[in-house]
Amino acid sequence: MNTNFGRRLGRVIALAALPIVVVLAGCSGASEEEGAAPAGEEAQTGPVRATLSADKLSVGGKEGVNVKVTLTNESAETVRLLKWETIADGLKEPLFVLTHDGQPVKYQGAHYKRAEPTESDYLTLGPGEALTGSVDLAQYYDMSASGNYDVQFRRDDIVSNHVTLQAESHISPQSARAALRGAELSTQAVDLAAGTKFVSCSSSRQSGINTAYSSAQTYATNASNYVNDHTSATLRYTTWFGSYTSARHSTVQSHFSKIKNAYSSQTFTFDCTCTDSNTYAYVYPDQSYYIYLCGAFWSAPNTGTDSRAGTIIHESSHFTVLGGTDDYVYGQSGAKNLAKSNPGQAVMNADSHEYFAENNPAQP
């Protein structure tokens, strides 16, 4: 595959071990209803080109589906990029669009709630500089069906070529995780109260989780009742979900109804093995009711903005059976901007659901 863009572009940094692929700036992808949202306030991107190639264009069922990505800053300015929107620490966002014989392929990697970024969370890409690395797509996307897969970088404002692969059936990441999770739960999970189980959580953390879970139940009930009772534009609704339409309102209504009902009818498992200090929590969308709690969760207040209870709402909304939300933006500022610029994405954004439920500061 030709990676020469018609002129010599600075040096290329080949990163071994955990390679880096850079793209987003606070949001990912575009909704079917509206175009891609603005990049947000956390990071600024310049004209970046993504060049994709594959180790092998025909891949057997037991081989890695390895795709190489080179991201080149073609501007005259330095670009700042968030690490979690790269694969510096593994693929932690749905950075690719895959189709199988023309049909969308589901991303089965983790969805995270993150703390506000600090300087250490950024990478820089100088003028003419490039980063290159590779990822095994079969570890993150459902490639359980044999056939032709088209691969492209996800962000609309990044120029990307397409790569077409012919791949035999691979074990679904969801299926592999389910088998491992079943073994873990049979030996490690313990009950403390109705509706909750725990993996590797101390007794004090179990108590704190139960308090947060009870508050999340209250948040979900109040949010569900609110959207049921208010079937027109209100300040609270438009702040977090944008301009009112009955279709978008129905989406929000359905999400909170399902979350509220799940809290009263399902057992949620909380896993305390994550230690990332800049992450609140994460889930795998198809691994229903299993939430990994991380370092930032323990320093958060029980209720209020970016709270423990709100984090549980955020992560619950990611589960496919409860809403299947994405992480287009993080933070209150980003969520408010998204509501104005792209309400179609806002009603599918996890932080927007959290802030609506927390309602802090309170809005009518």
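Residues numbered from 1 in each chain as written. Predicted model: local features only at pLDDT ≥ 70, side-chain atom pairs only at ≥ 80, totals over all residues. Heavy atoms only, no water.

As named in an unreviewed UniProt entry, the chain is M35 family metallo-endopeptidase, taken from Pendulispora brunnea. The chain has a UniProt comment under Cofactor (unreviewed entry) that states "Zn(2+)". (UniProt positions renumbered as here; feature names shortened; annotations may be inferred.)

> Where do I start with the sheet that holds strand S11 (residues 147–153) in this structure?
Paired through backbone hydrogen bonds, the strands of a sheet run either parallel or antiparallel to each other. The five strands lie next to each other as S3-S13-S11-S6-S7, forming an open sheet whose pairing is mixed. Edge positions in the open sheet fall to strand S3 (58–59) and strand S7 (103–104), since each of these has one partner strand only. Relative to S7, strand S6 (residues 96–100) is paired through two bridges, and the arrangement is antiparallel. Its bridge partner lying in S7, Thr99 is registered against Pro104. (Pairing = 2+ DSSP bridges. Helix = DSSP H or I, 4+ residues; strand = E, 2+ residues; numbered from the N terminus.)

> Explain helix H7 (residues 332–341) to me, please; I cannot follow it from the model alone.
Residues lying three or four places apart along an α-helix face the same way, a consequence of the helix completing one turn every 3.6 residues. For H7, the set of buried residues is Gln332, Gly334, Ala335, Leu338 and Ala339. All buried residues of H7 fall inside an arc of 160 degrees around its axis, so they share one side. Tucked into the core, H7 has its buried residues touching helix H3 (235–241), helix H8 (343–346) and helix H9 (350–358). (Buried < 20%, exposed > 50% of the residue type's maximum accessible area, 1.4 Å probe, protein only. Arc of directions from axis to C-beta. Contact = heavy atoms within 4.5 Å.)

> So what exactly am I meant to see when it comes to the packing of aromatic side chains here?
The geometry of two aromatic rings is summed up by the distance between their centres and the angle between their planes. Counted according to the given criterion, the structure contains 22 aromatic pairs. Each ring, one from Tyr213 and one from Phe268, has its centre 5.6 Å from the other, and the planes form 50 degrees; the classification is tilted. One end of the pair, Tyr213, is in helix H2 (residues 203–229); the other, Phe268, is in strand S16 (residues 268–271), with 55 residues separating them in the sequence. Take Tyr213 and Phe268: they sit in the same class, and that class is buried. For the ring pair Tyr290 and Tyr292, a centre distance of 5.0 Å and an interplane angle of 50 degrees mean the geometry is tilted. The exposure class of Tyr290 is buried, given its relative accessible area of 3%. Linked through ring pairs, Phe198, Tyr213, Tyr263, Phe268, Phe270, Tyr289 and Phe319 together constitute an aromatic cluster. A cation over a ring is seen here: Arg236 above Phe356, with NZ or CZ 4.3 Å from the ring centre. (Phe/Tyr/Trp six-rings, centres within 6.5 Å; stacked < 30°, edge-to-face > 60°. Lys NZ or Arg CZ within 6 Å of the ring centre and 35° of its normal.)

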